[in-house]
Amino acid sequence: MDSFATRFDALREALAAWLASPSFYFQGTAIVAVLLIASALTPLLRRSIPVLHDEPEGDARIRRLIYRTRVIVFPLLVVLLLAIAIRISEALFSESWLFLIAQGIAVAVLLQMLVRRFVDNRLIAILLTWVGIPLATLQVFGWLDDVARELNSIAISVGNIRLSALAIGRTLFFGTILFWLGRVSNDSGKEAIRNYPNLDQGTREVIAKLFEIVVFVALFLLLLQVMGINLTALAVFGGALGIGLGMGMQRIAANFISGVIILLERSLSLGDYVELADGRAGTVRELNMRAATLETFDGKDIVVPNETFVSESFTNWTHHDTKQRYEFEFGVAYDTDLPPMLDLVMRVVASHPQVRSGPDVHEDEQPSAEIKSFGDSAINIEVEFWMEGIDDGPNDVRASLRLMLWSALREHGIEMPFPQREIRILQGGAWKEGKSPT
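Rules of the game
Residues numbered from 1 in each chain as written. Predicted model: local features only at pLDDT ≥ 70, side-chain atom pairs only at ≥ 80, totals over all residues. Heavy atoms only, no water. Pairing = 2+ DSSP bridges. Helix = DSSP H or I, 4+ residues; strand = E, 2+ residues; numbered from the N terminus. Axes fitted to C-alpha atoms, helices over the stretch in contact; angles between N-to-C directions. Core = buried A, V, L, I, M, F, W, Y, C linked by side-chain atoms within 4.5 Å. Buried < 20%, exposed > 50% of the residue type's maximum accessible area, 1.4 Å probe, protein only. Contact = heavy atoms within 4.5 Å. Expected span 1.5 Å × (residues − 1). pLDDT = per-residue confidence, 0-100. Parallel < 35°, antiparallel > 145°, perpendicular 65-115°, else oblique. Nonpolar A, V, L, I, M, F, W, Y, C, P; charged D, E, K, R; others polar. Phe/Tyr/Trp six-rings, centres within 6.5 Å; stacked < 30°, edge-to-face > 60°.

Quick look at the sheet that holds strand 9 (residues 368-374)
In a beta sheet, neighbouring strands are held together by backbone hydrogen bonds and run either parallel or antiparallel to one another. Strand order in this open sheet of three strands is 8-10-9, and the pairing throughout is antiparallel. Each end of this open sheet is capped by a strand with a single partner; those strands are strand 8 (323-332) and strand 9. Looking at each pair of strands side by side, their axes are set apart by 25° on average, direction ignored. In the sheet, strand 9 pairs with strand 10 (residues 379-388) via six bridges, with the strands oriented antiparallel.

Observations concerning the nonpolar core
Phe330, Val332, Met341, Val345, Val349, Ile381 and Phe385 are the most contacted members of the largest nonpolar core, which has 27 residues in total. In terms of residue count, helix 14 (residues 338-350) provides more of this core than any other element does, seven residues in total. Sequence-distant contacts of Val332, defined by excluding residues within four places in its chain, comprise Leu338, Met341, Ala378, Ile379, Ile381, Ile414, Glu415 and Pro417. Judged by nonpolar contacts, the second largest core, of 21 residues, contains Ala30, Val79, Ile86 and Ala102.

Regarding helix 2 (residues 22-48)
For helix 2, spanning 27 residues, the distance from its first C-alpha to its last is 38 Å, which sits close to the expected 39 Å at 1.5 Å a residue. Within the span of helix 2, buried status applies to Ser23, Gln27, Ala30, Ile31, Val34, Ala38 and Thr42. On its buried side, helix 2 packs onto helix 5 (73-93) and helix 6 (97-118).

Here we look at the confidence of the model for the protein chain
Put simply, the protein chain has an average pLDDT of 78, and 80% of its residues get 70 or more. The least confident element of the protein chain is helix 11 (residues 231-248), whose mean pLDDT is 60; the most confident is helix 14, at 91.

Structural notes on the packing of helix 2 against helix 6
Packing of helix 2 against helix 6 brings their axes to within 8 Å, and their N-to-C directions diverge by 30°. Relative to helix 6, helix 2 is oriented roughly parallel. For the pair formed by helix 2 and helix 6, the contact residues are Phe24, Phe26, Gln27, Gly28, Ala30 and Ile31 on the first element and Trp97, Leu98, Phe99 and Ala102 on the second. Taken together, the residues of the contact of helix 2 with helix 6 sort by class into eight nonpolar, two polar and no charged.

With respect to the packing of aromatic side chains
What characterises a pair of aromatic rings is the spacing of the ring centres plus the angle enclosed by the ring planes. Considering all chains together, one arrives at six aromatic pairs under this definition. Each ring, one from Tyr334 and one from Phe374, has its centre 6.4 Å from the other, and the planes form 20°; the classification is stacked. Placement of the pair is Tyr334 in the loop between strand 8 and helix 14 and Phe374 in strand 9, with a sequence separation of 40 residues. The class of Phe374 is exposed, set by a relative accessible area of 58%.

Written as structure tokens, this is what we have:
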């Protein structure tokens, strides 16, 4: 008991001496000065930096993300100014405990604000709050190396492999953070590239895909470094593995290279209406490095390997021009007065809101109606017209045009005849051998 009291008195006297020392007053005064300077600089920086002053509008995701960082300007300035103050205090008094405590609190506040403001993933938020903040605090006080040595001493060996608590924890923590950061940066980077106005759509897709590959390759290499795997030794194994995978994954490699070729040649773009050689057709909704996804008008998705668009023929209906020409046929009776009927048909077709017509449309694209052939029962009329888009799904124009023509022809008494045959019955005579009855 006397020993404890003696130690307590010694600690109390040391604390009192430290509180009365010039170092304590310098650090306390400097901390207050740091807070005042950070408070004065924060609004100044927010006003002087345009991306932090005005909230961006529209789909500028990157700029909107940078604008949200304005809330961490104050704690970030505090951390930086305290780091400078620590160096000064170490040079003058060889100690900086009060500065370290203040900086630890500032770092914890900064990380907590970052988590609340920018992390939507619940698992990542919990991981950063309960693991990241304590690790950052230990680093500020210089205790992280001691904790790491203790965790590294807790290990199990399986043959030549040694698994320590430090290696497992470091891999799980940094692996989760790295892949989350990779996904977020990949989505943000691709969106920024695709919204860049000075590049055409094909070039944007090429750059976006290459950016995605670079991001995940970099993340994989960083994770290997975190796990302590020697990349030089891995290169030999990777070469042998690459040869084996190349032999067994030729089609995947072919689809990948075909995807790059498609994006560079710009033979296929998002929104194009494509018809394959086997008759399947749809609008290109996704264009990935392995395959393209075609969305049909009846809600189905057709996944087509990229190699198909390089090695086989296909029809791209809307790649360079969304205007398309269509035609359909119908028949009228032989006793129809053809010239006024043809004028009527052209007027009806031109009145459809989706058919290209009028004084602003070139003569070659105006609706037309003409005699195609003389059939057994009717005169066959062919109608041609131009329209924007594909005549399918919501743009099924030919069905509505047929209904409009049927109503107009009935209104003007023009007959669409059924197939007819004329039968002649001969009276009072027998068939003569070798002769026709007519």
